[in-house]
Each structure stands twice: as C-alpha cells, then as structure tokens.
Amino acid sequence: MNPPTDRLTPPDHPMGSVERTDAGWRLRFERRLSHAPDKVWRALTESQHLRHWMPVDIVGERRVGAAIELPFWPEVVAKHAMAARTLPGEILEWDPPSVFQWRWDAEVLRFELAPTDDGGTLLTLVTIVGDEPPAWSAAAGYHACLGQLVALLDDGGVGSLMDLDMGPLEARYRAVVGG
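In this convention, every chain numbers its residues from 1, walking through the sequence in written order. Thresholds applied to this predicted model are a pLDDT of at least 70 for local features of residues and 80 or more for the giving and counting of side-chain atom pairs; totals over whole chains, interfaces and linings are not thresholded and use all residues. In computing side-chain values, all of the structure's heavy atoms are included and hydrogens and water are not.

1. Examining the overall build of the chain
Along the backbone of the chain there are five helices and seven strands. The N-to-C order of helical and strand elements in the chain reads β-β-α-α-β-α-β-β-β-β-α-α. The buried label goes to any residue with under 20% of its type's maximum accessible area, the exposed label to any with over 50%, and the partly exposed label to all in between, with areas taken from a 1.4 Å probe on protein chains only. Residues classed as buried in the chain amount to 44% of the 179 residues present. Any two residues whose heavy atoms approach within 4.5 Å are treated as being in contact. Long-range contacts, defined here as pairs at least 24 residues apart, represent 55% of the contacts in the chain between residues at least 6 apart. Reported accessibility uses the Shrake-Rupley method at a 1.4 Å probe radius. Residues are deemed covered only where the shown protein chains occlude them. Surface summary for the chain: the accessible area is close to 8700 Å², and the carbon and sulfur share equals 52%. A run of H or I in DSSP counts as a helix once it spans at least four residues, and a run of E counts as a strand once it spans at least two, with each numbered from the N terminus.

Encoded structure:
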C-alpha cells in the first residue's frame, strides 16, 4: 500500500521554488520544524536516519574537504532495477548544527538550519540540479524526501521512500516548470 502523497504536501510543506539560472535549474525548499537544530542535524547526517528519507547513505569522515561515498540503499537499487551504484562526493561545508553542504556526483546540496524563536528549526535546502533529469522530476523527488524527513522527525513512523507514489507531486511541479 502506498502512503498517501497528501501527507507530503500539507500547508506547512509548501512547494519548493524552481528557477532557471545560468548554472541550471535551482531548487529551494523551506520547512519550519518543531524540533531543535541538534535533532534535525542528526537526521540530516546520520545513516540510521538517512535511510528513511534520502535515497543514498553518506559514508566517510564528516569534515570539510572529506571525500565521501554515496551508495544507494538496496531498496532504491531494486525499485529502479539499477546495478548497485555508489556515487562519489565531497563535504564542502560542515558547521554543526548550522550548515551541511555536500556534492554528490555533479550536484551540490546545501542544508541550512536556523533556530526559531519557538525552539524549532527553519530548514532550507538549496541545490542546482542541472538540466537532466528534468527539473520537475528532481523537485518532486526532493519535496518527497523532505516530507519523509519531516515525518521521521515528527513521529518516527515513516514508510519507505520507495513506496511513495510520485505521480501527483511530479504533475504539480511539471505544471510549474513545464515539460
């Protein structure tokens, strides 16, 4: 049974912004979380949490300039009928619990965490995804990943990222971006 996609798009999970830049498609997402930055940081950086919301693990030392390996989780490999694959990466910025920026393959992801007055965190994800795959597909994917992250933080009871029906999210972003 597929978890309802509506769980990923409630009012407090707004669509990300998608814009064309000289470097490619830029995606930006913000999520207001009711959890302290330290807890959100652990969910962004520790393998036992990544498994629930990110399609790859992050293997390697956590420090600026460190080479990392990004192996896809076995369920991702199985769902997409891909040969087991590990992408190269590098940690570009490591400032716990505020900024985590890393490159995987040719893409750079920047996670910024800012404490809020109510004890929570404002999480901002920015990435340039290039021209392929289509920006709408990447935007829907990151939107779903962040939805899973929020569910993990809120109740710990998330299903597999691979069980999500991405069709509705892809259609919403395709309408914004075109394609």
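More follows now that the structure is in view.
2. Some details on the packing of helix 4 (residues 135-155) against helix 5 (residues 167-177)
Whenever a helix is involved, its axis is fitted only over the stretch in contact; in every case the axis is a line through C-alpha atoms, and angles between N-to-C directions fall within 0 to 180 degrees. Where helix 4 meets helix 5, the closest approach of the two axes is 8 Å, and the angle between their N-to-C directions is 135 degrees. In terms of orientation, helix 4 lies oblique with respect to helix 5. Crossing angle aside, the handedness with which helix 4 passes helix 5 is right-handed. Here helix 4 contributes A135, W136, S137, A139, A140, H143 and A144 to the contact with helix 5, which in turn contributes L169, E170, Y173, R174 and V177. Just so you know the grouping, Ala, Val, Leu, Ile, Met, Phe, Trp, Tyr, Cys and Pro go in nonpolar, Asp, Glu, Lys and Arg go in charged, and all remaining residues, Gly too, go in polar. Its residues assigned to classes, the contact of helix 4 with helix 5 shows eight nonpolar, two polar and two charged. By definition in this entry, angles of less than 35 degrees are roughly parallel, angles greater than 145 are roughly antiparallel, angles of 65 to 115 are roughly perpendicular, and the rest are oblique. For a crossing to be left-handed, the near helix must be turned anticlockwise from the far one by less than a right angle; the clockwise case is right-handed.

3. Digging into the pattern of salt bridges
What counts as a salt bridge is simple: a side-chain nitrogen of Lys or Arg found within 4 Å of a carboxyl oxygen of Asp or Glu. Enumeration over the complete set of coordinates arrives at seven salt bridges. Within this structure, E93, R110 and E112 form a network of salt bridges that share partners.

4. Description of the side chain of T127
With respect to the helices, strands and loops of the structure, T127 is situated in strand 7 (residues 121-130). Setting aside chain neighbours within four positions, we find T127 in contact with W25, R26, L27, E107, V108, L109 and Y142.

5. Considering the nonpolar core
Counting residues in each nonpolar core, the largest one holds 49 residues, and the members touching the most others are W53, W102, W104 and F111. Take this core: its biggest share by element is 13 residues, from helix 4. Non-local contacts of W102, meaning those with residues more than four positions away in its chain, are made with M54, V56, I58, I68, L70, E90, I91, L92, E107, V108, L109 and F111. Definition of nonpolar core: a set of buried residues of the types Ala, Val, Leu, Ile, Met, Phe, Trp, Tyr and Cys, connected through side-chain atoms within 4.5 Å.

6. Brief notes about the sheet that holds strand 5 (residues 99-104)
Only when DSSP finds a minimum of two bridges between them are two strands counted as paired. Read from one edge of the open sheet, seven strands run 1-2-7-6-5-4-3, paired in antiparallel fashion. Strands at the two margins of the open sheet, each flanked by one partner only, are strand 1 (17-21) and strand 3 (67-71). For this sheet, the mean inter-axis angle between neighbouring strands, taken without regard to orientation, is 25 degrees. Here strand 3 runs beside strand 4 (residues 86-95); their pairing, made up of five bridges, is antiparallel. Within strand 4, the residue paired with I68 across the bridge is G89. The sheet strands contacting helix 1 (residues 37-45) are strand 2 (24-33), strand 4, strand 5, strand 6 (107-115) and strand 7, and the helix crosses strand 6 at an angle near 165 degrees.

7. Notes on the environment of P168
Tracing the sequence through the fold places P168 in helix 5. On the basis of relative accessibility, which here comes to 39%, the residue P168 falls in the partly exposed class. For P168 and A140, which are 28 residues apart along the polypeptide, the C-alpha to C-alpha distance reads 8.9 Å.

8. Concerning helix 4
Multiplying 1.5 Å by the residue count of a helix minus one yields the expected span of that helix. With 21 residues, helix 4 extends 30 Å from end C-alpha to end C-alpha; this agrees with the ideal 30 Å at 1.5 Å per step. Across the 21 residues that make up helix 4, a large majority, 17, are buried. Positive phi appears at G156, one or two residues downstream of helix 4, with a value of about 70 degrees.

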